[in-house]
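This is what each chain is made of:
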Amino acid sequence: MPETHADGPQRYRLRIFDGNYEILTDRLFQVVLDLATPAGQLAADAALTPWWRAACRLARLRGEQADAVRLQVHEWGTGGPKVFDWIPR
């Protein structure tokens, strides 16, 4: 998780990867997270877990590789820069 960030909840883009390869590239995923406080950073785990599960299900339904799925959380604008990588604990 990032050390510091803008105040309050922010909109982020999720990019879905399996290993080094981006999957589900035809979709745009967004999530609102509050990374400004330690409590908000802990809440990000709870918020991202359902996204991770849904991405795994969708990839499998579409026949895409989904053995080592991870989420990349990016600034909203153009999808960059990357804020952090996330996998469930």
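For the structure, see preceding data.
Every value quoted in this text rests on a predicted model; they were computed, and no experiment measured them.

(A) Examining the overall build of the protein more closely. A count of helices and strands for the protein gives one helix and five strands. Reading the protein from its N end, one meets helices and strands in the order β-β-β-α-β-β. A compact globule built from 89 residues should have a C-alpha radius of gyration of about 12 Å, and the protein, at 13 Å, falls within 12% of that. Taken along its principal axes, the extent of the C-alpha atoms in the protein is 40 × 25 × 20 Å. Residues counted as buried form 38% of the 89 residues belonging to the protein.

(B) View of the pattern of salt bridges. Across all of its chains, the model carries six salt bridges by this definition. Arginine 62 serves as the salt-bridge partner of glutamate 64, at 3.9 Å between the closest nitrogen and oxygen. Judged by relative accessible area, which is 28%, glutamate 64 ranks as partly exposed. Sharing partners across several salt bridges, the network here consists of Asp26, Arg62 and Glu64.

(C) Region of the structure containing the packing of aromatic side chains. Applying the stated criterion to the full structure yields one aromatic pair. Taking the centre distance of 6.1 Å and the plane angle of 85° together, the rings of phenylalanine 29 and tryptophan 51 count as edge-to-face. Highlighted residues: phenylalanine 29 in strand S3 (residues 29-33) and tryptophan 51 in helix H1 (residues 38-61), separated in sequence by 22 residues. Accessibility expressed as a relative area gives 11% for phenylalanine 29, which makes it buried. We classify tryptophan 51 as partly exposed; its relative accessible area is 29%. Over the face of the ring belonging to phenylalanine 17 we find arginine 70, whose NZ or CZ atom lies 4.6 Å from the ring centre.

(D) Fine view of the nonpolar core. Core analysis: the biggest nonpolar cluster contains 22 residues, and Leu14, Ile16, Leu24, Leu33, Leu48, Val73 and Phe84 have the highest contact counts within it. Secondary structure elements with two or more residues in this core: strand S1 (10-18), S3, H1, strand S4 (69-75) and strand S5 (82-86). The biggest single contributor to this core is H1, with six residues.

(E) Region of interest: the pairing of S4. When you tally the buried positions in S4, you get six out of seven residues, the bulk of the element. As paired strands, S1 and S4 are joined by seven bridges and run antiparallel to one another. Bridged to aspartate 18 within S4 is valine 69. With four bridges joining them, S4 and S5 adopt antiparallel strand pairing. In the strand pairing of S5, histidine 74 is matched with lysine 82.

About the cut-offs
Residues numbered from 1 in each chain as written. Predicted model: local features only at pLDDT ≥ 70, side-chain atom pairs only at ≥ 80, totals over all residues. Heavy atoms only, no water. Helix = DSSP H or I, 4+ residues; strand = E, 2+ residues; numbered from the N terminus. Rg over C-alpha atoms; globule rule 2.2 N^0.38 Å. Buried < 20%, exposed > 50% of the residue type's maximum accessible area, 1.4 Å probe, protein only. Salt bridge = Lys/Arg side-chain N within 4 Å of Asp/Glu carboxyl O. Phe/Tyr/Trp six-rings, centres within 6.5 Å; stacked < 30°, edge-to-face > 60°. Lys NZ or Arg CZ within 6 Å of the ring centre and 35° of its normal. Core = buried A, V, L, I, M, F, W, Y, C linked by side-chain atoms within 4.5 Å. Pairing = 2+ DSSP bridges.

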